[in-house]
Amino acid sequence: MLFNLCEINTEVVSKSLDILWQGLLAVVIGIGVIIAVTYVMLFFSNRFADNKKGGEKENPIESKSDTGE
């Protein structure tokens with residue numbers, strides 16, 4: 001009886017491995033898309049926040065040379 005439990009149908013295993021790699025690939029692609037969308041949203045969020053604060057920050061070296069110090 002134990003021998004019957006250890007018997008493996010290679011055709012069924014092959015089909016299940018085929019489904020397994022496709023599912024894992026879909027999960028990895030999904031996580032990659034979520035990460036990419038998050039980075040794009042963060043980029044535009046920071047860009048709009050900088051524009052709202054008044055644009056580019058002044059360079060302290062350039063501001064000193066303009067005043068003659």
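About the thresholds
- Residues numbered from 1 in each chain as written.
- Predicted model: local features only at pLDDT ≥ 70, side-chain atom pairs only at ≥ 80, totals over all residues.
- Heavy atoms only, no water.
- Helix = DSSP H or I, 4+ residues; strand = E, 2+ residues; numbered from the N terminus.
- Areas by Shrake-Rupley, 256 points an atom, 1.4 Å probe, with all protein chains shown as cover.
- pLDDT = per-residue confidence, 0-100.
- Phe/Tyr/Trp six-rings, centres within 6.5 Å; stacked < 30°, edge-to-face > 60°.
- Salt bridge = Lys/Arg side-chain N within 4 Å of Asp/Glu carboxyl O.
- Buried < 20%, exposed > 50% of the residue type's maximum accessible area, 1.4 Å probe, protein only.
- Patch = residues over 30% accessible without salt bridge, like charges linked within 9 Å, V, L, I, M, F, W, Y side chains within 5 Å.

**Examining the overall build of the protein chain**
Now for step 1: A tally of helices and strands in the protein chain yields 3 helices and 0 strands.
Now for step 2: In the protein chain, the succession of α and β elements from N to C terminus is α-α-α.
Now for step 3: Total accessible area computed for the protein chain in this model is approximately 6,900 Å², and 66% of it derives from carbon and sulfur atoms.

**What to know about the confidence of the model for the protein chain**
In low-pLDDT regions, the fine details of the predicted coordinates are not to be read closely.
Now for step 1: Taken as a whole, the protein chain shows an average pLDDT of 82; of its residues, 70% reach a score of 70 or greater.
Now for step 2: When mean pLDDT is taken per element in the protein chain, helix α2 (residues 10-53) scores highest with 93 and helix α3 (residues 60-67) scores lowest with 57.

**Examining the packing of aromatic side chains**
Now for step 1: Applying the stated rule across the entire model yields 2 aromatic pairs.
Now for step 2: Relative to phenylalanine 44, the ring of phenylalanine 43 lies with its centre 5.3 Å away and its plane at 70°, an arrangement referred to as edge-to-face.

**Observations regarding the pattern of salt bridges**
Now for step 1: Applying the stated criterion across every chain, the model contains 1 salt bridge.
Now for step 2: Close ionic contact of glutamate 11 with lysine 15 constitutes a salt bridge, the shortest N to O distance being 3.8 Å. Linking glutamate 11 with lysine 15, this pair stays in helix α2, spanning 4 residues, or about one helical turn. For the pair glutamate 11 and lysine 15, a shared accessibility class is recorded, and that class is exposed.

**Remarks on a nonpolar patch on the surface**
Now for step 1: Judged by side-chain polarity, Trp21, Leu25, Ile29, Val33, Val37 and Met41 come together as a nonpolar surface patch covering roughly 600 Å² of accessible area.
Now for step 2: Among the structural elements, valine 33 can be located in helix α2.
Now for step 3: Its relative accessible area of 48% is what places valine 33 among the partly exposed residues.

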